[in-house]
Amino acid sequence: MNRKQLVLLSVGFVLALVLVAAAIVFVGKVLLAPDKESPAVASDRPKIFPADYAKYSLESGDITTDLKDNHYVVVNFTIVTDSAQAQDFLKKNLFLVQREILGVLSECKAEEFKTDDGLRSVEERVAQRLDSVVEGGHVVKVFATKKIVQ
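Conventions adopted
- Residues numbered from 1 in each chain as written.
- Predicted model: local features only at pLDDT ≥ 70, side-chain atom pairs only at ≥ 80, totals over all residues.
- Heavy atoms only, no water.
- pLDDT = per-residue confidence, 0-100.
- Helix = DSSP H or I, 4+ residues; strand = E, 2+ residues; numbered from the N terminus.
- Patch = residues over 30% accessible without salt bridge, like charges linked within 9 Å, V, L, I, M, F, W, Y side chains within 5 Å.
- Areas by Shrake-Rupley, 256 points an atom, 1.4 Å probe, with all protein chains shown as cover.
- Salt bridge = Lys/Arg side-chain N within 4 Å of Asp/Glu carboxyl O.
- Buried < 20%, exposed > 50% of the residue type's maximum accessible area, 1.4 Å probe, protein only.
- Arc of directions from axis to C-beta.
- Contact = heavy atoms within 4.5 Å.
- Expected span 1.5 Å × (residues − 1).
- Pairing = 2+ DSSP bridges.

### Focus on the confidence of the model for the protein
At step 1: Per-residue confidence for the protein gives a mean pLDDT of 84; residues scoring 70 or more make up 84%.
At step 2: Helix α2 (residues 41–44) is the least confidently modelled element of the protein, averaging 52 in pLDDT, while helix α5 (residues 116–131) averages 94, the highest of any element.

Set out below in structure tokens:
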């Protein structure tokens, strides 16, 4: 192998490595990154500081219902909104709040209430469901403040 062929081979390897690195960056940034145009409900909701949670919050009251896997649950949620109007809407339409919560709970299994991640998932689904019906603001956060699974 002469010197010219060795240089061309080395340049070819370097170019191949650069192309592989560019492909990895492309896949990582474009294909595997979350789609910024898809609805990200949690990030679409306004931010509210924990110190302000009590200002616009209300309780769902105890809700007893059966779950998807034939267990029963008794839950109480505290719902945090971002405005007095949203809070007032939910207070005046508590039956609607309870109906929407029942809709989420009917799709849940008892296992979801036994782990922290599962309970957070239920809270997030309830928040999304309530946020879709609230008027005059947004539902920022939902906390399960009581749960009994049988």
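The rest of the description comes next.
### With respect to a nonpolar patch on the surface
At step 1: Together, Leu-6, Leu-9 and Phe-13 line one region of the surface with nonpolar side chains, adding up to about 300 Å² of accessible area.
At step 2: Overall, Leu-9 belongs to the partly exposed group, its relative accessible area being 38%.

### Section: the pattern of salt bridges
At step 1: Inspection of the entire model under this criterion finds 8 salt bridges.
At step 2: When the shortest N-O distance is used, the salt bridge between Arg-99 and Glu-100 registers 2.5 Å.

### Here we look at helix α3 (residues 84–92)
At step 1: Taken together, the buried positions of α3 are occupied by Ala-86, Gln-87, Phe-89 and Leu-90. The arc that holds the buried residues of α3, viewed along the axis, is 160 degrees, so those residues lie on one side. Exposed and oriented more than 90 degrees from the buried face of α3 are Gln-85 and Lys-92.
At step 2: Contact partners of the buried residues in α3: β1 (57–59), β3 (72–81), α4 (94–105) and β4 (139–149).

### Things to note about unusual backbone geometry
At step 1: Phi at Asn-70 takes a positive value of approximately 65 degrees, unusual for a residue other than glycine.
At step 2: Given the relative accessible area of 69%, Asn-70 is considered exposed.

### Comments concerning α4
At step 1: Over its 12 residues, α4 extends 16 Å from the first C-alpha to the last, a length consistent with the 16 Å expected when each residue adds 1.5 Å.
At step 2: Buried residues of α4: Leu-96, Val-97, Glu-100, Ile-101, Gly-103, Val-104 and Leu-105, and no others.
At step 3: Structurally, α4 contributes buried residues whose contacts are with β2 (63–66), β3, α3 and α5.

### Observations regarding the pairing of β3
At step 1: Most of β3 sits inside the fold, with 8 of its 10 residues counted as buried.
At step 2: The pairing of β1 with β3 spans 3 bridges and is classified as antiparallel. Within the sheet, the bridge partner assigned to Leu-58 lies in β3 and is Ile-79.
At step 3: By the bridge criterion, 4 bridges tie β2 to β3 in an arrangement that is antiparallel. Opposite Ile-63, over in β3, you have Val-75 as the bridge partner.
At step 4: If you look at the hairpin formed by β2 and β3, you'll find 5 residues sitting between the two strands, and Asn-70 has a positive phi there, around 65 degrees.
At step 5: Sheet analysis places β3 next to β4, joined by 9 bridges and oriented antiparallel.

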